[in-house]
Amino acid sequence: FFFSSRRRHTRYISVTGVQTCALPISMPVGERLTVATYHPILGYDGVPNLEGAVAGAKVTQNSRGNRGPDPACGPGSGSAQKPIIVSGDSFAWGYGVSDDSTVSAALARQLKAGSAEAPEVLNFGVSGYGPDQSFLKYLLYGRECRPKLVVLLIFLGNDVGEAQSTLAWGAEKPRFFESSDGLCLTNVPPPRARGWPLGDVRSLLFRRFPWMQRRLAIGRLKIGLPYSQILEFLSRREFLFALGGGRSSGLERVKDGDKVRAVVPCYEEAPTRRDLKQVGPFILVADIVARFAQVAKADGAEFRAVLIPAEQEQKGSVSEPGRLRLRQLLEERKVKFTDLTDSQGVPADLVVAGRPEAWRPDLPFSAQG
């Protein structure tokens, strides 16, 4: 069983023209390697109580792993104030900017300047998230805050593609698919990715047995234990269940899995090719966002999606017909949205002077942007 894996994502290495071996590529990349760690439903979430720097900017994450101060909401908080939740990927989280320049921090300052009793603004953004993970994070941790407004930032550069995949940014993730019962969820719990400092058997072994990180030489044969199939097995599965010969029971055994099952009752642990090809990517994203909006409305909150266009150099970005298609689908589902590409839904006094569109591609992550 050391050589087996439920789903393999491999890159082949060629030596002298001969395909000799396959190396797993499931390892978090970029800031996800340092500010995030494994989560059995979301794929990954922020590391709690973290202080550091990303892209030269100060990053502080609270006891829940979110950027910004601890929220005054949730069980035992006693707060009657309804907050605003800003959700999404690195645009919401604040890649490349300090704690006081994120979207949430900028919005909080504007609200406090206009009212002494301004609502709290909570940053639920996680760098690399797609709309599916943002929705699931709200189900797990946002509903208990009973927000007055939920804002979902949708980056057209990669969010549509991420929603189609069970692997993004080097880490496996949950994936929604369509069925006759509506939205269904699969790939939960996702297999663990290597390299995270928390919740990873590999890291525990390395700390206790540093010699395991060395490469062993037996004659002309060199063995790299850090990249062995044994450690790959330990780090990507909950190996005690595998050794016992039983299958994971998925959401039923995952902490807080009932919060997801209450909204997404249709669930399959392992995705099939048939499931993943039921509908096109834009319909899938529109249905996820519409379901997100329905749940927020049931919680007494307003909901608005903000479409952030891709920079011109963004590879794999959504084309103009794709952007218009997504807008059409959101309109059909009666989801309120703001499209920053052409200022659709943006008040006239907020449009950048001298430009017909509100978006400034040179200011994507700055406080002004």
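In the block above lies the structure referred to throughout.
Before going into details, it helps to say that this report is about the structure given with it. Since we're looking at a predicted model, the values are computed, not measured.

## Observations regarding the sheet that holds strand S7 (residues 84-87)
In a beta sheet, neighbouring strands pair by backbone hydrogen bonds and run either parallel or antiparallel.
Okay, so step 1: Taken in spatial order, the 5 strands of this open sheet run S8-S7-S9-S17-S18, and their pairing is parallel. Each edge of the open sheet is held by one strand with a lone partner, namely strand S8 (121-123) and strand S18 (337-339). Each strand axis lies, on average, 20° off the axis of its neighbour in the sheet, ignoring direction.
Okay, so step 2: The pairing of strand S17 (residues 302-308) with S18 spans 3 bridges and is classified as parallel. Across the sheet, Val 306 pairs through a bridge with Thr 338, a residue of S18.
Okay, so step 3: In the packing of helix H3 (residues 103-114) onto the sheet, contacts are made with S7, S8 and strand S9 (149-155), and the angle to S8 comes to roughly 175°.
Okay, so step 4: Each of S17 and S18 is contacted by helix H12 (residues 320-332), which is oriented at about 160° to S18, the strand it contacts most.

## Considering the packing of helix H4 (residues 131-142) against helix H11 (residues 281-298)
Two packed helices can be described by the angle between their axes and the distance between those axes.
Okay, so step 1: Relative orientation of the contacting elements H4 and H11 amounts to 20°, with a least axis distance of 9 Å. With respect to H11, the element H4 is oriented roughly parallel. Taken as a pair, H4 and H11 cross one another with a handedness that is left-handed. Mapping the contact onto sequence places Pro 131, Asp 132, Ser 134, Phe 135, Tyr 138 and Leu 139 in H4 and Val 285, Ile 288, Val 289, Arg 291, Phe 292, Val 295 and Ala 296 in H11.
Okay, so step 2: Split into classes, the residues belonging to the contact of H4 with H11 amount to 10 nonpolar, 1 polar and 2 charged.

## Focus on the nonpolar core
Okay, so step 1: Counting 55 residues, the largest nonpolar core has Phe 176, Leu 185, Val 289 and Phe 303 as the members making the most contacts within it.
Okay, so step 2: Counting only elements with at least two residues in this core, the list comes to strand S3 (36-39), H4, S9, helix H5 (159-163), strand S13 (182-186), H11, S17 and H12.
Okay, so step 3: Tallying contributions element by element places H11 first for this core, with 10 residues.
Okay, so step 4: Once you skip the residues sitting within four places of it in the chain, Val 289 turns out to touch Pro 131, Leu 152, Ile 154, Phe 303, Ala 305, Leu 330 and Val 335.
Okay, so step 5: Grouped together as the second largest cluster of nonpolar side chains are 12 residues, Ile 84, Val 121, Val 306 and Leu 340 included.

## What about the pairing of strand S5 (residues 50-54)?
Looking along a regular strand, one sees side chains alternate from face to face of the sheet.
Okay, so step 1: As paired strands, S5 and strand S6 (residues 57-61) are joined by 5 bridges and run antiparallel to one another. Looking at S6, one finds that Val 54 is bridged to Ala 57.
Okay, so step 2: Once S5 ends, the chain turns through 2 residues before running back antiparallel as S6, passing Ala 55 with a positive phi of about 55°.

## Considering the state of the cysteines
Okay, so step 1: Summed over the entire model, instances satisfying the criterion amount to 1 disulfide.
Okay, so step 2: Between the sulfur atoms of Cys 184 and its disulfide mate Cys 266 the distance is 1.9 Å. Disulfide Cys 184-Cys 266: torsion about the S-S bond near 85°, hence right-handed. In this pair, Cys 184 is assigned in strand S13 and Cys 266 in strand S16 (residues 266-268), connecting sequence segments 82 residues apart. One exposure class covers both Cys 184 and Cys 266, and it is buried.

Each value, and the rule that gives it
- Residues numbered from 1 in each chain as written.
- Predicted model: local features only at pLDDT ≥ 70, side-chain atom pairs only at ≥ 80, totals over all residues.
- Heavy atoms only, no water.
- Pairing = 2+ DSSP bridges.
- Helix = DSSP H or I, 4+ residues; strand = E, 2+ residues; numbered from the N terminus.
- Axes fitted to C-alpha atoms, helices over the stretch in contact; angles between N-to-C directions.
- Contact = heavy atoms within 4.5 Å.
- Parallel < 35°, antiparallel > 145°, perpendicular 65-115°, else oblique.
- Left-handed = near helix turned anticlockwise from the far one by under 90°.
- Nonpolar A, V, L, I, M, F, W, Y, C, P; charged D, E, K, R; others polar.
- Core = buried A, V, L, I, M, F, W, Y, C linked by side-chain atoms within 4.5 Å.
- Buried < 20%, exposed > 50% of the residue type's maximum accessible area, 1.4 Å probe, protein only.
- Disulfide = S-S within 2.5 Å.

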